[in-house]
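# A closer look at the structure
The primary structure of each chain is shown beneath.
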Amino acid sequence: PVPGGARIPYVEGGTTYRREVSALAALAPSCIALIAYPQSAGVIVREWYAQPSAPRVRWFGTDGVRQEGFVSEVGDPALLSDFYGTAP
C-alpha cells in the first residue's frame, strides 16, 4: 500500500494516459480507485497492463465506469479479473 494514499489526476478526454499510469505504477499500489468514464477508463486500464512491469492491483471503479461500453473500451475482458465496481 501507498502510505497516506496517492492521487494521480488526469485530464478527461485524453488519448493517452501513459504519463499518469507510469507515475502511478512507480508507487507500486496494491489497489487503485478509478474515477472516470468508460472511454478514458478503458485507455487507463489498457495502458496499465501494457507496461512491462505493472504491479498486480485490485481495481475499484466508480459508477461512471459502470456503464455500457467499458468492457469494450478495455478490449480484453481478462484484464478486468481484479476489477470491482461501486454504485450509489
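Described below are features of the structure shown in this document. (Residues numbered from 1 in each chain as written. Predicted model: local features only at pLDDT ≥ 70, side-chain atom pairs only at ≥ 80, totals over all residues. Heavy atoms only, no water.)

### As for the side chain of Gln51
Mapped onto the fold, Gln51 is located in the loop between helix 2 (38-50) and strand 2 (58-61). Polar side-chain contacts of Gln51 include one of 3.3 Å to the backbone oxygen of Trp48. If near-sequence neighbours (up to four positions away) are discounted, Gln51 is found in contact with Val21, Ser22 and Ala25. (Helix = DSSP H or I, 4+ residues; strand = E, 2+ residues; numbered from the N terminus. Polar contact = N/O pair within 3.5 Å; in protein donor to acceptor, adjacent residues only side chain to side chain. Contact = heavy atoms within 4.5 Å.)

### Focus: helix 2
The end-to-end C-alpha distance of helix 2, which contains 13 residues, comes to 18 Å, matching closely the 18 Å that a straight helix rising 1.5 Å per residue would cover. Every buried residue belonging to helix 2 is among Pro38, Ser40, Ala41, Gly42, Val43, Ile44, Val45, Glu47 and Trp48, and all of these are buried. Where helix 2 is buried, its residues contact helix 1 (18-26), strand 1 (31-34), strand 2, helix 3 (70-74) and strand 3 (83-85). (Expected span 1.5 Å × (residues − 1). Buried < 20%, exposed > 50% of the residue type's maximum accessible area, 1.4 Å probe, protein only.)

### Digging into the side chain of Glu47
Mapped onto the elements, Glu47 comes out in helix 2. Buried within the structure, Glu47 lacks any salt-bridge partner; Arg18 is the closest side chain of opposite charge, at an N-O distance of 4.1 Å. Ignoring any residue separated from it by four or fewer positions in sequence, one finds Glu47 in contact with Thr15, Thr16, Tyr17, Arg18 and Val21. (Lys, Arg positive; Asp, Glu negative; His and termini not counted. Salt bridge = Lys/Arg side-chain N within 4 Å of Asp/Glu carboxyl O.)

### Digging into the nonpolar core
Leu34, Val45, Trp48, Trp59, Phe70 and Phe83 are the most contacted members of the largest nonpolar core, which totals 20 residues. Mapped onto this core, the elements with two or more residues apiece are helix 1, strand 1, helix 2 and helix 3. Here this core gets five residues from one element, more than from any other, and that element is helix 2. Aside from chain neighbours lying at most four places away, what touches Trp48 is Val21, Leu24, Ala25, Pro29, Ile32, Ala54, Pro55, Val57 and Trp59. (Core = buried A, V, L, I, M, F, W, Y, C linked by side-chain atoms within 4.5 Å.)

### Some details on the sheet that holds strand 3
Sheet architecture is open: three strands sit in the order 1-2-3, paired in parallel fashion. What marks the edges here is a single partner per strand, and that holds for strand 1 and strand 3. Ignoring strand direction, the axes of neighbouring strands in this sheet form an average angle of 20 degrees. Direction of pairing for strand 2 relative to strand 3: parallel, over a ladder of three bridges. If you follow Phe60 over to strand 3, its bridge partner there is Tyr84. (Pairing = 2+ DSSP bridges. Axes fitted to C-alpha atoms, helices over the stretch in contact; angles between N-to-C directions.)

### Thoughts on unusual backbone geometry
With phi around 50 degrees, Ala28 is a residue other than glycine that occupies positive phi space. Along the chain, Ala28 turns up in the loop between helix 1 and strand 1.

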